[in-house]
Amino acid sequence: MSFELNGKSYETDDDGYLINLEDWNEDVAKYIAQQEGVEMTDAHWEVVNFLRDYYSEYKIAPMIKILIKEMKKMFGPEKGSNAYLYQLYPAGPALQACKIAGLPKPTGCV
Amino acid sequence: MAKKPTPEELSKINYSLPYTGWMYNPVEFKDGMFCNASKPESLNTVDFPNARKWSVKDEDWNLPENWKEIVLEAMKERLEKYRSFRLFMDICVRCGACADKCHFFLGTGDPKNMPVLRAELIRSVYRRYFTKSGQMLGNLAGGRELTLDVLKEWWYYFYQCSECRRCSVFCPYGIDQAEITMIGREILNLLGLNIEWIAGPVANCFMKGNHLGLEPHTIKSNFEFMIDDIEEITGVKVDPSFNRKGAEVLFVAPSGDMFGDPGTYTCMGYMMLFHEIGLDYTWSTYASEGGNFGFFTSNEMAKRLNSKIYAEAQRLGVKWIIGGECGHMWRVMHQYMDTWNGPADFLEVPVSPITGTKFENAGSTKMIHIAEFTADLIKHGKLNLDPSRNDHLKVTFHDSCNTSRGMGILDEPRYVIKNVCNNFHEMPEDTIREKTFCCGSGSGLNASENMELRLRGGFPRANAVKHVQQHHGVNMLANICAIDRAALPPLMNYWVPGVDVAGMHELVANALVMKGEKERTQDMRLEDLPEKEGAEDV
């Protein structure tokens, strides 16, 4: 599968995750978000940017425990909760936010 | 992804059979019922053949020109190598005892999910090419040509079997359908016909030591967060070690426990238990996977992935090994590891340093299951337990297929759970112990794109949970398998809302009274414990 954006073609897997992680840019993120029915606000970008920073260091999406704790540390207690993340990303921070951030889906017993 | 039907829609299962014979109904690929195709980079990582981009729904699967030759040659080789395979091809009398024992048949009504018919998909080819009667009489002798449609049918149905072996419990001949599926998948694999949910973890495990691809610094960081939580809950700071030479015990857990909830709560439970008894043990970031998705591709691959456990035990100079709460890991340890990568004569027969119990049952593998280890601690009164901390839970236990049918761990988890929980209720007899129903997602089928298959396959298990929910108010489904911890939460949410899922050592950790701990107000999930009854009278 693939999609076209600004004259460039982007390859995705059967679930719409980017195949080449270096293809990611903000326009691509906005496009994927739109497909998911998510409108990107500053609050959405906070999560996506954290995910990308985390991934560049750890080569995998963070565990939810870490995402919540770090969000709390960086942006305050009201943003460090599962409920808050689900409010931003109704299909779940692990799947939907990671997809928009261009991260691969963790596989295995998860 | 296919739109998910409602439970009402999905529970209307059509068991009527088609009018035409099974051989004449070509496979129909239904959305939500199969997994995505393997990616070339995953296959390339482990040198699997025919790595290329392909998609299940494409007409052309980009097979090598001589694919038929490859399949028949592979069948011939395996018929000679594995007497079990030849026996299973020959002896089935098609009595049908297995037909309604399969969770995938019960949940789909698709006759090709009857174990007898699933086997017949490959058996018919066996007859046509490897028996005299089939060679001469073809269809009349139950044989059929190997065509592309037949191959696609194999792929569809061998990835709709979770290798749970419930059918084999009921087969009067003891035919092991899991082994037939394993060989079917192994042959498909020679053509590059794998699923990404298996191929990805296999590649990760080969390159990085575990299915998730957690690198050493990631594991370390994940543990630091878990250790902080333990301290917040108990006031006790645990201090696990990694890759430590000279430790007495190597501990190997499924990597899912180091990453995903609710597995992480069980992981915290392991650490708290070992800390409390002062066990001299180490984790490894190299042998950082108990599970073995290689087992779902080929015998050779499973052996390659498994080899790092003994290699690491030898490198670190430990005396013996404890394995965590994982399902298929234990079928591998119990039935294959010693033959593949043994003898582990550099290790000693496990002896619990706390109780002195010698685990003679692990005399050859030198590796014991943590349920055995913990049950032994409790039996000898070595743990200070307060089961009332689990009083908000009404617990039932799901036997995972591999620990129950694959090695007979039936009583140890029950013994442990009953000692750490006051409210325990068994599901109906036909759905537990050796007759347990699969979670519906085993053998690498716990992807998301095949969710309908998983919900259908898990329907019989969910039904039994619903029974104890209705009769006893059960709200917690305990288990000792990481695939269960990943697969059962969405299954429960769908069929039996109100029932949560926990690994056994999460429940142990809730009840474990640690030396120097503060008064507990939270459980392992950092949720407030309900006030104890009568507390206001004090």
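1. Notes on the overall build of chain A
Stage number 1. On a plain count of helices and strands, chain A comes out with five helices and two strands.
Stage number 2. The order of helices and strands in chain A, counted from the N terminus, is β-β-α-α-α-α-α.
Stage number 3. What you see for chain A is a C-alpha radius of gyration of 14 Å, in line with the 13 Å of a compact globule of 110 residues.
Stage number 4. Projected onto its principal axes, the C-alpha positions of chain A cover 40 × 30 × 20 Å.
Stage number 5. Relative to its full complement of 110 residues, chain A shows a buried share of 31%.

2. So, unusual backbone geometry
Stage number 1. Cis geometry marks the peptide bond from B:Asp261 to B:Pro262; its omega dihedral reads 0°.
Stage number 2. Position of B:Pro262 among the secondary structure elements: in the loop between β1 (249-252) and α13 (263-277).
Stage number 3. With an omega dihedral of -5°, the bond running from B:Gly342 to B:Pro343 counts as a cis peptide bond.
Stage number 4. Its location among the elements puts B:Pro343 in the loop between α15 (328-341) and β4 (367-369).
Stage number 5. The backbone of A:Asn6 shows a phi angle near 50°, a positive value even though the residue is not glycine.
Stage number 6. Its location among the elements puts A:Asn6 in the loop between β1 (2-5) and β2 (8-11).
Stage number 7. For B:Asn62, which is not a glycine, the phi torsion comes out positive at approximately 50°.

3. A few points about the interface of chain A and chain B
Stage number 1. On the side of chain B, 27 residues touch chain A, which itself brings 16 residues to the contact.
Stage number 2. Per element, the largest residue contribution to the side of chain A that touches chain B is four residues, and it comes from helix α3 (residues 64-75) of chain A.
Stage number 3. A breakdown of the residues in the side of chain A that touches chain B according to their chemical character gives eight nonpolar, two polar and six charged.

4. Considering the nonpolar core
In globular proteins that are soluble, nonpolar side chains generally tend to be buried together.
Residues and elements named next belong to chain B.
Stage number 1. Judged by nonpolar contacts, the single largest core of 176 residues is most densely connected at Ile321, Ile417 and Val465.
Stage number 2. Looking at this core, the element that brings in the most residues is α13, giving eight residues.
Stage number 3. Split by domain, this core shows at least three residues from each of two domains, domain 1 (7-31 + 49-193) and domain 2 (209-511).
Stage number 4. Once residues lying within four places of it in the same chain are set aside, the contact partners of Val465 are Thr396, Met427, Val474, Leu477, Met492, Val496 and Val499.

5. Considering the domain arrangement of chain B
Residue and element names in this part refer to chain B.
Stage number 1. In terms of domain boundaries, chain B breaks down into domain 1 (7-31 + 49-193) and domain 2 (209-511).
Stage number 2. Between the C-alpha centres of domain 1 and domain 2 there is a distance of 31 Å.
Stage number 3. With 18 residues of domain 1 at the interface, the matching set in domain 2 holds 24 residues.
Stage number 4. Listing elements by their share of the side of domain 1 that touches domain 2, those giving two or more residues are α1 (7-10), α5 (103-108), α9 (166-170) and α10 (177-189).
Stage number 5. The element best represented in the side of domain 1 that touches domain 2 is α5, accounting for five residues.
Stage number 6. A class-by-class count of the residues in the side of domain 1 that touches domain 2 yields seven nonpolar, six polar and five charged.

6. Observations regarding the pairing of β2(A)
Residue and element names in this part refer to chain A.
Stage number 1. Here four bridges tie β1 to β2, and the two strands are oriented antiparallel to one another. From the neighbouring strand, Leu5 faces β2, where its bridge partner is Lys8.
Stage number 2. As consecutive antiparallel partners, β1 and β2 are separated by two residues, and within that stretch Asn6 has a phi angle of approximately 50°, a positive value.

7. Focus: the pairing of strand β3 (residues 320-323) of chain B
Residue and element names in this part refer to chain B.
Stage number 1. Burial along β3 is two-sided: Trp320 and Ile322 facing one way and Ile321 and Gly323 facing the other are all buried.
Stage number 2. Across four bridges, the pairing between β1 and β3 is parallel. Residue pairing across strands places Phe251 opposite Ile322, the latter belonging to β3.
Stage number 3. In terms of strand pairing, β3 meets β4 through three bridges, oriented parallel. Within β4, the residue paired with Ile322 across the bridge is Ile368.
Stage number 4. The parallel pair β3 and β4, bridged by α15, forms a crossover whose chirality is right-handed.

8. Details of the environment of A:Leu103
Stage number 1. Note that A:Leu103 resides in the segment after α5 (93-100).
Stage number 2. Among residues more than four places away in sequence, those in contact with A:Leu103 are A:Leu51, A:Tyr55, A:Ala61 and A:Cys98.

9. Focus: the sheet that holds strand β5 (residues 395-397) of chain B
All names here are of chain B.
Stage number 1. Read from one edge to the other, the open sheet built from three strands follows the order β5-β6-β7, with strand pairing classed as parallel. Here the strands that pair on one side only, and so sit at the sheet edges, are β5 and β7 (500-503). The average angle at which neighbouring strand axes cross in this sheet is 30°, direction not considered.

10. Let's talk about the packing of helix α8 (residues 148-158) of chain B against α10(B)
All names here are of chain B.
Stage number 1. At a minimum axis separation of 10 Å, α8 and α10 run at an interaxial angle of 125°. The angle between α8 and α10 places the two elements in the oblique class. Seen along the crossing, α8 lies across α10 with a hand that is left-handed. Contacts between α8 and α10 involve Trp154, Trp155 and Phe158 from the former and Thr181, Gly184, Arg185 and Leu188 from the latter.
Stage number 2. For the contact of α8 with α10, the per-class residue count stands at four nonpolar, two polar and one charged.

Conventions and cut-offs
- Residues numbered from 1 in each chain as written.
- Chains lettered and ligands numbered in written order.
- Predicted model: local features only at pLDDT ≥ 70, side-chain atom pairs only at ≥ 80, totals over all residues.
- Helix = DSSP H or I, 4+ residues; strand = E, 2+ residues; numbered from the N terminus.
- Rg over C-alpha atoms; globule rule 2.2 N^0.38 Å.
- Buried ≥ 20, exposed ≤ 12 C-beta atoms within 10 Å, placed from the backbone.
- Contact = placed C-beta atoms within 7 Å.
- Nonpolar A, V, L, I, M, F, W, Y, C, P; charged D, E, K, R; others polar.
- Core = buried A, V, L, I, M, F, W, Y, C linked by C-beta atoms within 7 Å.
- Domains from an automatic or database assignment.
- Pairing = 2+ DSSP bridges.
- Right-handed = clockwise from strand over helix to strand, strands pointing away.
- Axes fitted to C-alpha atoms, helices over the stretch in contact; angles between N-to-C directions.
- Parallel < 35°, antiparallel > 145°, perpendicular 65-115°, else oblique.
- Left-handed = near helix turned anticlockwise from the far one by under 90°.

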